[in-house]
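# Architecture and fold: a report
In case you want the letters, here they are:
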Amino acid sequence: MAAPRTTVACFGEALIDFLSLPAAAGQPRSFLEQPGGAPANVAVGVAQLGGRSRFVGMLAQDIFGDTLLAALRAHAVDTAQVRRTDAAPTALAFVSLDAAGERSFSFYRPPAADLLFRSSDFDETAFADIAVFHVCSNSLTHPDIAEATLHGMRLAAAAGALVSIDLNLRPALWPRDADPRPWLWRALALAKLVKLSREELEALTDAGDTAAVIERLLAGDAEAVVVTDGAAPIHWWTRSRHGQATTFPVDTIDTTAAGDAFVAGLLWRLVALGIGAGTLAAAFDDDAVRADLLRHGAAAGALATTRHGAFVAMPDADAVRTLIETHG
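Residues numbered from 1 in each chain as written. Predicted model: local features only at pLDDT ≥ 70, side-chain atom pairs only at ≥ 80, totals over all residues. Heavy atoms only, no water.

## Some thoughts on the overall build of the protein
Rule in force here: Runs of H or I in DSSP of at least four residues are treated as helices and runs of E of at least two as strands, each being numbered from the N terminus. Atoms considered for the radius of gyration are the C-alpha atoms alone. The globule rule reads 2.2 Å times the number of residues to the power 0.38. Residue contacts are counted whenever heavy atoms from the two residues lie within 4.5 Å of one another. A 1.4 Å probe and the Shrake-Rupley method give the accessible areas. Residues count as covered only by the protein chains that appear here. Charge counting follows a simple rule: Lys and Arg are positive, Asp and Glu are negative, and His as well as the terminal groups are ignored. One atom stands in for each charge, and that atom is NZ of Lys, CZ of Arg, CG of Asp or CD of Glu.
Within the protein, the regular secondary structure consists of ten helices and 13 strands. By the compact-globule yardstick of 20 Å for 328 residues, the protein fits well, its C-alpha radius of gyration being 18 Å. A principal-axis box enclosing the C-alpha atoms of the protein has dimensions of 55 × 45 × 45 Å. Put simply, 71% of the contacts in the protein that link residues at least 6 apart link residues at least 24 apart. On the protein, roughly 13,600 Å² of surface is accessible, and the fraction owed to carbon and sulfur atoms is 53%. Taking the average place of the 26 positive charges on the side chains of the protein and the average place of its 38 negative ones, the gap between the two points comes to 3 Å.

Structure follows, in structure tokens:
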């Protein structure tokens, strides 16, 4: 009998966030270096919760690439499928926070090492233990890395893994005047589980018709669509049902990795409950199971906003459990 699949593999970018710190009057700003990158954050988030996770991507042979690799390993993320290159540096993101903890980004990418991963860099034998293969849209911004992303999604599906996508759309990363939607839809069409923010759902629309977006997603491979909106209720859809779930009240100071923490909590719980590609639809149509899944995602996402940073903001299972028990 085959061993159960338990690994959440996250593919795409890892980068360095430089978090803007408050400055005294008349003094220049300073920045705190923090490892980050959406799929890398999810990998760390799953591991922090006690799950098995793997990061798959290209890191630079520079001081920031060394920092990222060390940080992933320090958080117990499997890095056996990490590739290294000296052909480009590590991507950088400078993060500013407003009074409510909402963030804005200034990106320095391309050139960047994460964009140099190619389809041939995948080890096809490494998909055998994957329960979930997770991607974001930041590895769709240029044709070669986009093709690698789609190739990885197809390999994962063929190996029996549940394919997940969090759009995590950052328009500033796309070439000027480019319409990202054709590439976004190619990736969305390959995912069983789709997570969007409200803004991303609206970005996919024509003339504001969000219902048509949900209908198109569920007409493809997607069996569950989840839309988050900060502290507002979470909306979810399956092919037969639609509803919403509540979030958790917390004192927010930094929303930088909240969506990634939500995804980590959701994917970790999916694997813990033994839910895979063949049972996702039934799980989301079961009121108790779906509530459990979204509760864990919402708790992890909420807790991440109470700390600064990305990797270091990911909560552990005890914190998630405590928040859920405290608020019912």
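## Focus on the sheet that holds strand 1 (residues 7-11)
As a reminder of what qualifies: Two strands pair under a simple rule: DSSP has to find at least two bridges between them. Axis definition: a line fitted to C-alpha atoms, limited for helices to the stretch in contact. Angles are taken between N-to-C directions and run from 0 to 180 degrees.
Pairing is mixed in the open sheet, where nine strands are placed in the order 5-4-1-8-9-10-11-12-13. Each edge of the open sheet carries a strand with a single partner, namely strand 5 (82-85) and strand 13 (242-245). Here the strands of the sheet are splayed against their neighbours by 20° on average, with no regard to which way each runs. Here strand 12 (residues 232-237) runs beside strand 13; their pairing, made up of four bridges, is antiparallel. For Ile 234, the partnering residue across the bridge sits in strand 13 and is Ala 245. Here helix 2 (residues 63-74) sits on the sheet and contacts strand 4 (52-60) and strand 5; the angle it forms with strand 4, its principal contact strand, is near 175°. On top of the sheet, helix 7 (residues 258-272) reaches strand 1, strand 8 (130-136), strand 9 (162-166), strand 10 (193-197), strand 11 (224-229) and strand 12; it is set at about 160° to strand 10, its chief contact.

## Remarks on the nonpolar core
Defined as follows: Nonpolar cores are built from buried Ala, Val, Leu, Ile, Met, Phe, Trp, Tyr and Cys residues. Side-chain atoms within 4.5 Å join them into one set. For every residue, the accessible area obtained with a 1.4 Å probe (protein chains only) is divided by the maximum for its type, and the residue is called buried under 20%, exposed over 50%, and partly exposed between those limits.
Ranked by internal contacts, the top residues of the largest apolar core, which has 63 residues, are Phe 55, Leu 193, Leu 267, Leu 270, Leu 280 and Phe 284. Broken down by element, this core gets its largest block of residues, nine residues, from helix 7. Residue contacts for Leu 280: discarding those within four places in its chain leaves Leu 162, Lys 192, Leu 193, Glu 223, Ala 224, Leu 270 and Ile 275. Grouped together as the second largest cluster of nonpolar side chains are 49 residues, Ala 60, Ala 93, Leu 169 and Ala 222 included.

## Observations regarding the pairing of strand 12
Judged from the four bridges that link them, strand 11 and strand 12 form a sheet pairing that is antiparallel. If you follow Val 226 over to strand 12, its bridge partner there is Trp 236. Counting the residues in the hairpin turn of strand 11 and strand 12 gives two residues, including Gly 230, whose phi is positive at 60°. Here strand 12 folds back onto strand 13 in antiparallel fashion, the turn holding four residues.

## Quick word on the packing of aromatic side chains
Operational definition: In this analysis, rings of Phe, Tyr and Trp, with Trp reduced to its six-membered ring, are considered paired at centre separations within 6.5 Å, and the interplanar angle assigns stacked below 30 degrees, edge-to-face beyond 60, and tilted for intermediate values.
Applying the stated criterion to the full structure yields eleven aromatic pairs. A centroid spacing of 5.0 Å and a plane angle of 75° characterise the contact between Phe 11 and Phe 117, whose relative ring orientation is edge-to-face. With a gap of 106 residues between them, Phe 11 in strand 1 and Phe 117 in the loop between strand 7 (103-108) and strand 8 connect regions that are remote in the sequence. One exposure class covers both Phe 11 and Phe 117, and it is buried. Seen in terms of ring centroids, Phe 11 and Phe 133 are 6.3 Å apart; in terms of plane orientation they differ by 20°. Their pairing is stacked. On the criterion of sequence distance, the pair formed by Phe 11 in strand 1 and Phe 133 in strand 8 is long-range, its members being 122 residues apart.

## Details of unusual backbone geometry
Residue Pro 110 follows Arg 109 across a cis peptide bond; omega there is -5°. Within the element layout of this structure, Pro 110 appears in the loop between strand 7 and strand 8. A cis amide bond, omega -5°, links Pro 110 with the succeeding residue Pro 111. Take Pro 111: it is sitting in the loop between strand 7 and strand 8. Positive phi values are uncommon outside glycine, yet Ala 76 reaches one of about 70°.

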